[in-house]
Amino acid sequence: MLRMISFLSLLCLVGCSSSKTERGDIMITYVAKNALHNTETRIEVSGEALSVVYHSVRPKRDIQEQFIPETAEIESLHRFLNEIKLHDIQQPKTERMLDVPDEKITATFGGRTSTFSIGSVRDLPEEIVQLRKQIIDLAVKHSPAMKEALGY
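Our next topic: the pairing of strand 4 (residues 63-67). Where strand 3 (residues 50-56) lies against strand 4, 5 bridges are found, and the strand directions are antiparallel. Residue pairing across strands places Val53 opposite Gln64, the latter belonging to strand 4. With antiparallel pairing between neighbouring strands as the criterion, strand 3 and strand 4 make up a hairpin whose turn holds 6 residues, including Lys60 at a positive phi of roughly 60°.

Here is the structure:
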């Protein structure tokens, strides 16, 4: 009887922690450095937090905020990453281009990490364009200051 209770407790523990694992299993970082405007944007999305950072040479324009996104927002991003099979997408061919921001997206989920340099890519895959849009939309939804800084 004691073994049965221990086994049931273990199953409950594993089952209860699996939803946390799925939510906490994700980390997405978007970084854009624009040398022309001398700005840097950094958006980090994890299962627990949304962090937005914006540095500018303009006085009093810097932003550094942290939010707790809704579970549905994180689950939606996680579902999208799985639907597009992000880890299977190849790095698009970069080109030599002047005055483009240095942009990168790094996503860690499912025990793997994929990084894409997208600033000097002329034709981005639609999945990467949509991922970038979702990350920025999430940031400007939670941060009015970031919305203003990015011109949305």
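On we go.
Another point: the pairing of strand 2 (residues 39-46). Where strand 1 (residues 27-34) and strand 2 come together, 8 bridges link them in antiparallel fashion. Of the residues in strand 2, the one forming a bridge with Thr29 is Glu44. Connecting strand 1 to the antiparallel partner strand 2 that follows it, the hairpin turn spans 4 residues, and Asn38 within it adopts a positive phi of roughly 55°. Of the strand pairs in this sheet, strand 2 and strand 3 are connected by 7 bridges, and their pairing is antiparallel. The partner of Ile43 across the bridge, within strand 3, is Val52. The hairpin turn running from strand 2 into strand 3, its antiparallel successor, is 3 residues long.

Time to look at the side chain of Asn34. Among the structural elements, Asn34 can be located in strand 1. Looking at Asn34, its side chain comes within polar contact range of the main-chain nitrogen of Leu36, at 3.0 Å. Residue contacts for Asn34: discarding those within four places in its chain leaves Thr39 and Pro101.

To continue, consider the sheet that holds strand 6 (residues 112-117). Read across the sheet, 6 strands follow the order 4-3-2-1-5-6 without closing on themselves; strand pairing throughout is antiparallel. Where the open sheet ends on each side, the last strands, each with one partner, are strand 4 and strand 6. Taken over all neighbouring pairs, the strand axes of this sheet differ in orientation by 5° on average, direction set aside. Its contacts with the sheet place helix 3 (residues 126-142) against strand 1, strand 2, strand 3, strand 4, strand 5 (102-109) and strand 6, and it is angled at close to 90° to strand 5.

Turning our eyes to something else, we now look at unusual backbone geometry. You will see that Asn38, though not glycine, has its phi angle at about 55°, which is positive. Considering the arrangement of structural elements, one finds Asn38 in the loop between strand 1 and strand 2. Judged by its relative accessible area of 46%, Asn38 falls in the partly exposed class. The residue Lys85 is not glycine, and still its phi comes out positive at about 50°. Along the chain, the position of Lys85 falls in the loop between helix 2 (71-83) and strand 5. Judged by relative accessible area, which is 52%, Lys85 ranks as exposed.

Basis of the calculations
- Residues numbered from 1 in each chain as written.
- Predicted model: local features only at pLDDT ≥ 70, side-chain atom pairs only at ≥ 80, totals over all residues.
- Heavy atoms only, no water.
- Pairing = 2+ DSSP bridges.
- Helix = DSSP H or I, 4+ residues; strand = E, 2+ residues; numbered from the N terminus.
- Polar contact = N/O pair within 3.5 Å; in protein donor to acceptor, adjacent residues only side chain to side chain.
- Contact = heavy atoms within 4.5 Å.
- Axes fitted to C-alpha atoms, helices over the stretch in contact; angles between N-to-C directions.
- Buried < 20%, exposed > 50% of the residue type's maximum accessible area, 1.4 Å probe, protein only.

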